[in-house]
Each structure stands twice: as C-alpha cells, then as structure tokens.
Amino acid sequence: MKPLAAVLGLASVANAHTLFTTLFINGKNQGDGTCVRMPHDGATANGPVEPVTSEDMACGRDGDKPVAFTCPAPRAATVTFEFRMYSTGEKPGAIADGHLGPCAVYVKKVEDMSKDKPAGPGWFKIWEDGLDAKTGKWCVDRLMEKNGLLSVDLPAGLPAGYYLLRPEILALHNAPAGDPQFYTGCAQVFVQEGPEEDLEMPSEKQVSIPGYVNPATPGLTFDIYNKPLPPYPMPGPEVYIPTSNAPAAELEQKQGVAPSDCLVTNANWCGKPLGAYGGQEGCWAAVEGCYSQSQTCWDSAPPSGDANCKVWQDYCKQTEAACTAKNFEGPPTFSGRENLAKVPGEIPKPWNKAFKGVDGGAGGETSRLTATTGAAGTSAAVEEKPATPTTTTTTLTAISSRPTSMSSKAAPAPTATWAVSQSPGGRCGAGPGPPEARAGGAKAARLGSVAGPRGRAGG
Ligand SMILES: [Cu+2]
C-alpha cells in the first residue's frame, strides 16, 4: 500500500501538463500568446491533443483559428518556443514530471494565413531530438533543463512568406497503455527574406498532419520504463532542411501586421489610442470606446494571460475618473507598462543542430540528423548567422497573384469568450511507471503541494 499523500501528489502533478505559449525571435520576446495559436479553453489548454489522428494534431485545439498577428522573422532567424506547465506562467515549471519523450519542430508554408488550413499535407520537420542512448535522457529532460525553452534555427533555404511553425512534444509516460500524449501549437511567422524560388520539398520529406502518425506507430507505443532501453524510433519523417543557391528576395508582409500605434498589446490584441477630445460628450464617448476595447481584450485573451487587459482597463478607469472630475480635455496620457510574464531562464542556443549533422546534443541512437547535401554555403551561412546576400536582394512588392484576403488588415480577433481559468485540468494518467516513480516519495508529495488541486486524479 502506497502512502496516500504520495499517490495524490503524483496525480496532481500528472494533471498539469504543458502548453506552448510564447514565441521568441532572435531572442526577442514577442509577447505572451502573440502570434501563437493555442486552445481557447484555459481549463484544458495544457492537456494533450487527442486522438493522434485528429485534425487538432496540426496546431492543437482551436489551431485552425488564426490569430490576428503574424510575427516577422528575418532570414535564418533563431526561434524559441516557450512551454509552460501553468499557462500564464504564474508558477514555474515547463512540463509535468515524468512526461518523458521526444520533441520535434515542423513547418508548413501557407499562402493565406487567415484561410489556409493547418490540417493536411505540406508539413516537414526541421528539427528533432529523441533519446540520448548514452545518458538515457530524453528531449523532454533537456527541455526541462532549459526551463521549457526550445530553440531552433529557421533554415536559410525557406523562401520568404508565411509559415506555421509547430513545436511538438510527445510524452510517453503512458504510451504502453495506449495513451501517447502530444503537446503542440503553432506560431504564425512571416519570413521576410529567402531564396527567390519556390519551396522545394521532396515528397518523402513532407507529411500530412494528421496522418503522419497513428496509434500503432512504434514511437508512440514505446515503453520508456524498459531497461535497458532499446533505440527509440523517432516518429514522423526525417528532418528536412531546405537549401537553395537562388538569389535572396525580400517580401513585404501584408497579413497579420501588428499596428504600429498600439499603446499596449495583449497576445494578439492591440490597444489603440483614444482620439483627442474636448468637452463632456467627447469625454464620455472616449470612456465608452476605451471600455469597448477593453472588452475585446478580455474576450480574446488566450490562456497565456490577460495581464495587459488589466493595464488597459486601468487606463479606462483613469479616463473615466477625469470625466467624472470634469476634466473634459483628453485623452489622458497613457502611462501603463506592458506586462510580460517572467521569462523562466536564459534563451538557449539551438541544441541538436540539424544543420551540422549530429552535434552537441542528443546524438545517440535516435539521431539521424544528416546534413542536407549540396549548398554547403547555405549551411555555413546559417551557422554564422549573418550572410544574407544583400547584393542580390530584390524586393518583391506586388503580390498580385494572391487572393484579395491578403489585406493589410489584421484578421479579426476571435470573438468567443472563454474562461481564463488556470487550473491545470484535463486527463493525463499517471502511467504504468516503474514502482519507484509511482511511489513518488517526498518529491512527488512536495510537487503535489504546489501543483494544484489534490483531489483530482487523472483518468
Ligand atoms: Cu500530462
């Protein structure tokens, strides 16, 4: 009989999973939830996607709904994905203990960010990390060491344009019981410059999501509690790094551009300046307009948080107070400060670099990162990170062949209202772990004390 506290503690930990919330481009924080598609329901947002054949596998639950902003990225930028156990980052933690398994990053080029479906063909994998046979450590172990921050270099061979970037974690703690747990979401990114030619993608390197894995895929049924561990069969296609010797071309971003005059943003919402006014009527109209924007902010705030909706609401209160005090000239100067969740650690350099073959990372049995042959210059350019051949850069301004929806207007923010509840809910399953892990002991009990409601056992 196990100590009750340990069992409950483990169950609580297991109920907290992970969620991709925040994107960094060349180390710069884009803002919590900015350019990120994530589930709308805060109560279950950090739960796994299921089943593995569902369309939600592409960009997670609600991943078919575009967000208003698409973040611009220079050619060959380093992008970093932040995974949080608690969606708003109000408590530390990247992913629940024991959720061991591989990670990967997939990319899909889209023509129209507001309309193209993420589910379906056109995905390829630009990075992966599995099991290090020497140390027995998984990608998730490395991700936890790096505080949930996963960095990859975008290939210099990506033509300029719109991309969905899809980091994926596969937690295998319950896999032998038929419950492999995928955690994923998508970032909307605009690559500003790239080779002036179409993306060349060999058919064997691209996959459909869903479709690229099924419940019987060996990497999804793998028993991580086996000793010794056999080599891990990475699911999905081989890594593919597009390369090109074509001259570079810049493209102008038309879709998803964040307005330049936002006083404050929250995820994909922008607080627009209140127009100048004088007189009682104008004052109260401004207050009303301010609260109306505020409502849009709350309604659109994703599980990653609403801190800047509060900042904006304070501004509305300030405006209202001025009207009440009969100071009818306005608006008041906005003095709120944009509020970002604390970044949990240093932005890591990419590890397990695909560009150099097996290198300074997992390596080991599962690594099959072969540098793409040819175009060695491109590889080097990525490694050193400067060399965009500016002498040959041309600027493509007209995007005449694109549909009319390529307007510069941002897509409307989702209008659905959802609870920004942060209780780490959802089913997880403690898994048929080894006895020592199940017993948990002091560590599990201690984690349990901070990890959430104790009574909620996983399914
Ligand atoms: Cu979990």
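Keep in mind the model is a prediction, meaning the values are calculated, not measured.

A.B. asks: Help me understand the nonpolar core, please; the structure alone is not making it clear to me.
C.D. replies: By size, the foremost hydrophobic cluster in this structure holds 95 residues, and its most contacted members are V79, F83, I95, V140, L143, L165 and V189. Counting residues per element, this core draws most heavily on strand 11 (residues 161-171), which supplies seven residues. Both domains that meet at this core, namely domain 2 (17-255 + 344-427) and domain 3 (264-324), each give it at least three residues.

A.B. asks: Sorry if this is basic, but what is going on with helix 6 (residues 307-324) here?
C.D. replies: Since the α-helix advances by 3.6 residues per turn, residues separated by three or four positions end up pointing in the same direction. When the terminal C-alpha atoms of helix 6 are compared, their 26 Å separation across 18 residues agrees well with the 26 Å that a helix rising 1.5 Å per residue should span. Those residues of helix 6 not exposed but buried are N308, C309, V311, W312, Y315, C316 and T319. Seen end-on, helix 6 carries its buried residues on one side only, within an arc spanning 160°. Along helix 6, exposed side chains directed more than 90 degrees from the buried face belong to A321 and T324. Close packing links the buried residues of helix 6 with strand 17 (264-266), strand 18 (269-271) and helix 5 (280-300). Looking one or two residues beyond helix 6, the residue adopting positive phi is K326, at roughly 65°.

A.B. asks: Looking at this structure, how should I read the packing of helix 5 against helix 6?
C.D. replies: Close contact between helix 5 and helix 6 brings their axes to 9 Å; oriented N to C, the two are set at 165°. Comparing the axis directions of helix 5 and helix 6 gives the class roughly antiparallel. Two packed elements cross with a definite hand, and for helix 5 against helix 6 that hand is left-handed. Residue-level contacts link C283, W284, A286, V287, C290, Y291, Q293, S294, C297 and W298 of helix 5 to C309, W312, Q313, Y315, C316, T319, E320 and C323 of helix 6.

A.B. asks: Please clarify how the environment of V264 should be interpreted in this entry.
C.D. replies: Structurally, the position occupied by V264 is in strand 17. Along the primary structure V264 and N339 are separated by 75 residues, whereas in three dimensions their C-alpha atoms are 8.9 Å apart. Setting aside its immediate chain neighbours within four residues, V264 contacts G271, N308, V311, W312, G336 and E338.

A.B. asks: Help me understand the environment of Y162, please; the structure alone is not making it clear to me.
C.D. replies: Summarising the element assignment, Y162 is placed in strand 11. Sequence separation of Y162 and A73 is 89 residues, and the distance between their C-alpha atoms is 10.0 Å. Excluding anything up to four places from it in sequence, Y162 contacts T70, V110, M113, F190 and Q255.

A.B. asks: It is not clear to me how the sheet that holds strand 1 (residues 19-25) should be interpreted in this structure. Could you clarify?
C.D. replies: The strands making up a sheet are joined through hydrogen bonds of the backbone, oriented either antiparallel or parallel. The four strands lie next to each other as 2-1-5-10, forming an open sheet whose pairing is antiparallel. Each edge of the sheet is formed by a strand with only one pairing partner; in this case those strands are strand 2 (28-32) and strand 10 (149-153). Strand-to-strand twist in this sheet, taken as the mean axis angle between neighbours without regard to direction, amounts to 30°. Across five bridges, strand 5 (residues 78-84) lies against strand 10 in antiparallel orientation. Each residue of the ladder has a partner; that of V79, found in strand 10, is V152.

A.B. asks: Would you mind showing me how to read unusual backbone geometry here?
C.D. replies: Excluding glycine, a negative phi dihedral is what most residues carry, and trans is how most peptide bonds are arranged. A cis amide bond, omega 5°, links I209 with the succeeding residue P210. That bond from G330 to P331 is cis: its omega, 5°, falls within 30 degrees of zero. Residue placement: P331 occurs in the loop between helix 6 and helix 7 (376-384). Even without being glycine, K326 reaches a positive phi, approximately 65°.

A.B. asks: What is the right way to look at the pairing of strand 5 in this model?
C.D. replies: Strand residues, when the strand is regular, have side chains that alternate between the two faces of the sheet. Within strand 5, seven of the seven residues are buried, leaving the element largely enclosed by the surrounding structure. What you see with strand 5 is no split at all: T78, T80, E82 and R84 on one side and V79, F81 and F83 on the other are buried throughout. Strand direction decides the pairing type here: strand 1 and strand 5, joined by six bridges, are antiparallel. Paired with F20 across the two strands is F83, which belongs to strand 5.

A.B. asks: What is the right way to read the pairing of strand 13 (residues 186-191) from this model?
C.D. replies: Within strand 13, six of the six residues are buried, which leaves the element mostly enclosed by the surrounding structure. Burial of strand 13 is two-sided: the residues C186, Q188 and F190 facing one way and the residues A187, V189 and V191 facing the other way are all buried. As defined by bridge partners, strand 3 (residues 36-37) adjoins strand 13 across two bridges and the pair is classed as antiparallel. Paired with R37 across the bridge in strand 13 is C186. Summarising the sheet, strand 4 (residues 71-73) and strand 13 pair through three bridges and their orientation is parallel. By the bridge assignment for strand 13, P72 is matched with F190. Two elements, strand 11 and strand 13, share five bridges in a ladder whose sense is antiparallel. When the sheet's bridge partners are listed, Y163 is paired in strand 13 with V189.

A.B. asks: I would appreciate a short explanation of the environment of T44 in the present structure.
C.D. replies: For T44, the position within the fold is in the loop between strand 3 and helix 2 (56-59). C-beta crowding within 10 Å serves as the criterion here: with 19 such atoms nearby, T44 is assigned to the partly exposed category.

A.B. asks: What exactly am I supposed to notice about the confidence of the model for the protein here?
C.D. replies: Should the pLDDT be low somewhere, the predicted coordinates at that spot are not to be read in detail. Summing up the model confidence of the protein, the mean pLDDT is 80 and the portion of residues at 70 or higher is 73%. Between residues 1-14, whose pLDDT stays under 50, and residues either more than four places distant or in other chains, the model counts 41 contacts. Considering only residues more than four positions removed or in separate chains, one finds that residues 430-459, a stretch of pLDDT under 50, has 66 contacts.

Rules of the game
Residues numbered from 1 in each chain as written. Predicted model: local features only at pLDDT ≥ 70, side-chain atom pairs only at ≥ 80, totals over all residues. Core = buried A, V, L, I, M, F, W, Y, C linked by C-beta atoms within 7 Å. Buried ≥ 20, exposed ≤ 12 C-beta atoms within 10 Å, placed from the backbone. Helix = DSSP H or I, 4+ residues; strand = E, 2+ residues; numbered from the N terminus. Domains from an automatic or database assignment. Expected span 1.5 Å × (residues − 1). Arc of directions from axis to C-beta. Contact = placed C-beta atoms within 7 Å. Axes fitted to C-alpha atoms, helices over the stretch in contact; angles between N-to-C directions. Parallel < 35°, antiparallel > 145°, perpendicular 65-115°, else oblique. Left-handed = near helix turned anticlockwise from the far one by under 90°. Pairing = 2+ DSSP bridges. pLDDT = per-residue confidence, 0-100.

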